[in-house]
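Residues per chain, in single letters:
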Amino acid sequence: MSEELLKLLKAEGLDLLSCMHCGICTGSCPSGRHTGLNTRRIIRDARKNRVAVLSDYDLWLCTTCYTCQERCPRGIPITDAILELRRLAVREGLMLPEHRFVSRMVLECGHAVPLDEETKKKRVELGLDPMPETVQKDPEALEGLKTLLKTCKFDELVAEK
């Protein structure tokens, strides 16, 4: 896999070799101010074909705000590359437990954060329908979503490996 990482990224239109390591991406990253996220290091590791970048915890700290990508003087699609690296990581079975949990919630009830009874009660107190118009309210739509996700093999993709 490590030899193929740059080729896979380039095939997706994500050529990282023009990075001059100026650090603008890391310096402008809102997440980096509060976490260990170092965007430049992730791009450097991806450039060097380090397969370890796929198992890097920091890869999941990016909020995909696109600030780094918008400010890059070379126009490198940094956020898009991070999203592609995440996709490759998931395909390799590398996913944070928290993301697996959220994925299971989507598979079970159609939402990453299902509405609990307390939230439904608060919605009624505010004059709202206890359930918004989503798949969680419509059993037929929920079954359709579940079928779609299983057809796409999302359940297999996010399963423990």
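About the thresholds
- Residues numbered from 1 in each chain as written.
- Predicted model: local features only at pLDDT ≥ 70, side-chain atom pairs only at ≥ 80, totals over all residues.
- Heavy atoms only, no water.
- Axes fitted to C-alpha atoms, helices over the stretch in contact; angles between N-to-C directions.
- Helix = DSSP H or I, 4+ residues; strand = E, 2+ residues; numbered from the N terminus.
- Parallel < 35°, antiparallel > 145°, perpendicular 65-115°, else oblique.
- Left-handed = near helix turned anticlockwise from the far one by under 90°.
- Contact = heavy atoms within 4.5 Å.
- Nonpolar A, V, L, I, M, F, W, Y, C, P; charged D, E, K, R; others polar.
- Buried < 20%, exposed > 50% of the residue type's maximum accessible area, 1.4 Å probe, protein only.

S.K.: Describe the packing of helix H3 (residues 39-47) against helix H5 (residues 78-91), and please don't skip the residues or the numbers.
M.R.: Angle between the axes and distance between the axes are the two parameters that describe a pair of packed helices. One can describe the packing of H3 onto H5 by two numbers: an axis separation of 11 Å at closest approach and a directional angle of 60°. Between H3 and H5, the angle falls in the class oblique. Seen along the crossing, H3 lies across H5 with a hand that is left-handed. Every residue of H5 that contacts H3 at Thr39, Ile42, Ile43 and Ala46 is listed here: Ile78, Ala81, Ile82 and Leu85. Among the residues making up the contact of H3 with H5, the classes are represented as seven nonpolar, one polar and no charged.

S.K.: Outline the side chain of Thr67, listing residues and values.
M.R.: By secondary structure assignment, the location of Thr67 is in helix H4 (residues 67-71). By relative accessible area, which is 16% here, Thr67 ends up buried. In contact with Thr67, other than residues within four places in its own chain, are Ser28 and Pro30.

The quantities given are spatial measurements derived from coordinates; they are silent on function.
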